[in-house]
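Structure assessment
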Amino acid sequence: MRDITLGQYIPGDSCIHRLDPRTKIFLMIAYIVMVFLINSIFTFAVPLLFIIAVLLMSKISITYIGKSIKPLRWLILFMFILNLFFTKGEPIWDVFLLRYVTLNGIRQSVFISLRLIFLVSGTSLLTLTTSPIALTDGLERIMMPLKVFRFPAHELAMMMTIALRFIPTLMEEADKIKKAQMARGADFESGNIIRRAKSMIPILIPLFVSAFRRADELAMAMESRCYHGGDGRTRMHQMRFHWADLFAVIIVAVIIAAVVLAQNLIVLPW
């Protein structure tokens, strides 16, 4: 549970940390588009180098990326096997289960797995280098034009940020409850799947009670500070675009353009 990195923020003073949150959100969207535009395995070296460069500039350990991917390892494996055996094409070998494995299936499985890995890695960098408050302000400012249609931009941004912020807290609370139950003699490892699922009840019930109690305390704290939504709300730190934001946008735009041109002009195997 300590390996859950979603919602965690690593404080720092790097050039990545100092970027405007709106810039980082737009760059993350562009990065996701780039990952889906890639149609060659060799081209996946571009997002790999991009993530390595961001990690070096932000001075964040690569172990955080590994921790963000670890909880999804079974989903990635499931998607790999599903695409491996259920993608139509010419079988590579007419023997037992291998008759269902095709070259298209292998290619599709590798593509899906790499895309999931790079998507999780890239989105984790956004939360690792952006504080929840800055992320809320950035999302709200981006969705501000939708207020013309009475879209609750501030409320939606606040809900998303609170949800991200409390994921590590709930994971830590679940870990404490599990250790407390194990100290009382609870067994979470032995037995079949059904028995293990039943053994999770002593963890889930206190966890839900704790989550509702935290939500009630948060609501009371916000009301006691006269919180009434985004109307008339001021900020201590005003967001402004700087030359570094423009430079980052230009670099990412050049990278995406280079990937698209390379894939259209150069025919790469796989």
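Please read these numbers as outputs of a predicted model, since none were measured by experiment.

1. What about the packing of helix α1 (residues 21-37) against helix α2 (residues 45-58)?
Their axes nearest at 10 Å, the elements α1 and α2 cross at an angle of 150°. One way to sum up the angle between α1 and α2 is to call them roughly antiparallel. Every residue of α2 that contacts α1 at Y31, M34 and V35 is listed here: V46, P47, F50 and I51. Classifying every residue of the contact of α1 with α2 gives seven nonpolar, no polar and no charged.

2. Comments concerning the layout of surface pockets
Taken as a whole, the second largest pocket spans an internal volume of roughly 460 Å³. Around the second largest pocket, the lining comprises 22 residues; the ones closest to its centre are I16, L19, F50, V54 and M57. Residues belonging to the lining of the second largest pocket are distributed by class as follows: 20 nonpolar, one polar and one charged.

3. Looking at the packing of aromatic side chains
On inspection of all chains with the given rule, the structure shows three aromatic pairs. Arranged with centres 5.5 Å apart and planes meeting at 80°, the rings of F44 and F111 form a pair that is edge-to-face. One end of the pair, F44, is in the loop between α1 and α2; the other, F111, is in helix α5 (residues 103-129), and 67 residues separate them in sequence. Residue F111 is classed as buried on the basis of its relative accessible area of 3%.

4. Focus: a nonpolar patch on the surface
Side chains of F26, I29, V33, L37 and V260 sit close together on the surface and give an oily, nonpolar patch of about 410 Å² of accessible area. Residue contributions to the nonpolar patch peak at four residues, all from α1. Looking at the element boundaries, V260 is found in helix α10 (residues 243-265).

5. Quick look at the pattern of salt bridges
The full count for this structure, using the stated rule, is five salt bridges. Residue D20 pairs with R22 through a salt bridge whose shortest N-O separation is 2.9 Å. For the pair D20 and R22, a shared accessibility class is recorded, and that class is buried. Taking the shortest distance from any N to any O, the salt bridge between E173 and R214 comes out at 3.2 Å. Here E173 is found in helix α7 (residues 153-183), whereas its partner R214 is found in helix α9 (residues 201-224), with 41 residues between them in sequence. According to the relative accessible area criterion, E173 is buried, its value standing at 17%. Since its relative accessible area comes to 30%, R214 is described here as partly exposed.

Rules used throughout
- Residue numbers restart at each chain and count upward from 1, following the sequence in its written direction.
- A pLDDT threshold of at least 70 governs which residues receive local features in this predicted model, and a stricter bar of 80 or more applies before side-chain atom pairs are shown or counted, although totals over entire chains, interfaces and linings include all residues.
- As a rule here, side-chain values cover all heavy atoms of the structure and leave hydrogens and water aside.
- Structural elements are reduced to axes, namely lines fitted to C-alpha atoms, with helices fitted over the stretch in contact, and the angle between N-to-C directions of any two is expressed from 0 to 180 degrees.
- Helix and strand labels come from DSSP, where a helix needs a run of H or I of at least four residues and a strand needs a run of E of at least two; each type is numbered from the N terminus.
- Under this scheme an angle from 65 to 115 degrees is roughly perpendicular, one under 35 degrees roughly parallel, and one over 145 degrees roughly antiparallel; angles in between are oblique.
- Two residues form a contact once any of their heavy atoms are found within 4.5 Å.
- Three classes are used, and their members are as follows: Ala, Val, Leu, Ile, Met, Phe, Trp, Tyr, Cys and Pro are nonpolar, Asp, Glu, Lys and Arg are charged, and the others, Gly among them, are polar.
- Lining residues are defined by having an atom within 4 Å of a point belonging to a cavity or pocket. Those points lie on a 1 Å grid over the protein atoms alone, cavities being sets where a 1.4 Å probe fits but cannot get out and pockets being open sets with protein on both sides within 12 Å along at least five of seven lines.
- Grid points are joined across faces, edges and corners, and a volume is the space filled by probe spheres set on the points.
- Note on aromatic contacts: the rings of Phe and Tyr and the six-membered ring of Trp form a pair at centre separations within 6.5 Å, being stacked when their planes are under 30 degrees apart, edge-to-face when over 60 apart, and tilted otherwise.
- Exposed residues in this analysis have more than 50% of their type's maximum accessible area, buried residues have under 20%, and partly exposed residues fall in between, with area computed by a 1.4 Å probe over protein chains only.
- Here the term patch refers to residues with relative accessible area over 30% and no salt bridge, with like charges joined within 9 Å and nonpolar side chains (Val, Leu, Ile, Met, Phe, Trp, Tyr) within 5 Å.
- Residue burial considers only the protein chains on display, and all accessible areas are found by Shrake-Rupley using a 1.4 Å probe.
- The salt bridge criterion pairs a side-chain nitrogen of Lys or Arg with a carboxyl oxygen of Asp or Glu, the two atoms within 4 Å.

Read these as layout, nothing more, since geometry by itself doesn't imply function.
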